[in-house]
Amino acid sequence: MATITTSMVLLRWPLLSAVLMFLASTLNIQFRKSDYAALAIISTLLGLGAACWFATGLLGITLLDIAAVWENIKVVMVEAMSHTPPDWPMVIT
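Every residue gets a number counted from 1 within its own chain, in the order that chain's sequence is written. At least 70 in pLDDT is required for a residue's local features to be given in this predicted model, at least 80 for side-chain atom pairs to be given and counted, and no such filter applies to totals for whole chains, interfaces and linings, which use all residues. The side-chain values count all of the structure's non-hydrogen atoms but skip hydrogen atoms and water molecules.

A. How the structure looks around the overall build of the protein chain. Check the secondary structure of the protein chain and you find three helices and zero strands. Helix and strand definitions here come from DSSP, where helices need a minimum of 4 consecutive H or I residues and strands a minimum of 2 consecutive E residues; each element is numbered from the N-terminal end. Secondary structure elements of the protein chain, listed N to C terminal, follow the sequence α-α-α. Note on classification: 1.4 Å probe, protein chains only; a residue is buried when its accessible area is under 20% of the maximum for its type, exposed when over 50%, partly exposed between these limits. For the protein chain, the residues scored as buried account for 8% of the 93 residues in total. With residues, only the protein chains shown are counted as cover, and all accessible areas are computed by Shrake-Rupley using a 1.4 Å probe. Counting every atom, the protein chain has about 8,000 Å² of accessible surface; 76% of that belongs to carbon and sulfur.

The structure is reproduced here in structure tokens:
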């Protein structure tokens, strides 16, 4: 019974994010028709957030994975910057 309950809860998250993407798109269209530019931008950002949430949910990417990737990017960038010359970039005036 717990397995069925867990699977139903987990299946609803992608469905919820798909509904959020649809609502954000619909709101964006309505706000643009009514000349509410700020609200159209907000609804666009909400739609992008829902799309990212949907994609990461389908791919199985968690916040821990994103944190690990970000930490690796930081390590690589610090390592690359430690090999640059001290006077780089040079500004010639």
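B. Representation of the pattern of salt bridges. We define a salt bridge as a contact between a side-chain nitrogen of Lys or Arg and a carboxyl oxygen of Asp or Glu at a distance within 4 Å. All told, the structure shown has one salt bridge when counted by the stated rule. Two residues, Glu-71 and Lys-74, come together in a salt bridge whose shortest N-O distance is 3.5 Å. Here Lys-74 and Glu-71 lie together in helix α3 (residues 63–82), a separation of three residues that amounts to about one turn. We classify Glu-71 as partly exposed; its relative accessible area is 39%. For Lys-74, a relative accessible area of 42% corresponds to the partly exposed category.

C. Looking closely at unusual backbone geometry. Here Asp-35, not a glycine, exhibits a phi torsion of approximately 60 degrees, which is positive. Residue placement: Asp-35 occurs in the loop between α1 (2–33) and α2 (37–59).

D. Region of the structure containing the packing of aromatic side chains. Centres within 6.5 Å make a pair out of two Phe, Tyr or Trp rings, where for Trp the six-membered ring is used; the pair is then stacked when the planes are under 30 degrees apart, edge-to-face when over 60, and tilted otherwise. Applying the stated criterion across every chain yields a total of one aromatic pair. Centre to centre, the rings of Phe-31 and Tyr-36 are 6.5 Å apart; their planes meet at 80 degrees, and the pair counts as edge-to-face.

E. The side chain of Asn-28, seen in detail. Following the sequence through the fold, Asn-28 ends up in helix α1. Filtering out sequence-adjacent residues up to four positions away, Asn-28 remains in contact with Ala-40, Ser-43 and Thr-44. When checking whether two residues touch, look at their non-hydrogen atoms; a contact exists if any pair is within 4.5 Å.

F. Fine view of the confidence of the model for the protein chain. pLDDT: the predictor's confidence for each residue, scored from 0 to 100. In the predicted model, the protein chain carries a mean pLDDT of 81, and 86% of its residues have values of at least 70. Ranking the helices and strands of the protein chain by mean pLDDT puts α3 first, with 92, and α1 last, with 76.

G. Region of interest: a nonpolar patch on the surface. Like-charged residues are merged into a patch within 9 Å and nonpolar side chains (Val, Leu, Ile, Met, Phe, Trp, Tyr) within 5 Å, provided each residue has over 30% relative accessible area and no salt bridge. Together, Leu-15, Leu-16, Val-19, Leu-20, Phe-22, Leu-23 and Trp-53 give the surface a local cluster of nonpolar side chains, amounting to about 650 Å² of exposed area. When residues of the nonpolar patch are assigned to their parent elements, the largest contribution, six residues, is made by α1. With respect to the helices and strands, the residue Leu-20 is situated in helix α1. Judged by relative accessible area, Leu-20 falls into the partly exposed class, the value being 37%.

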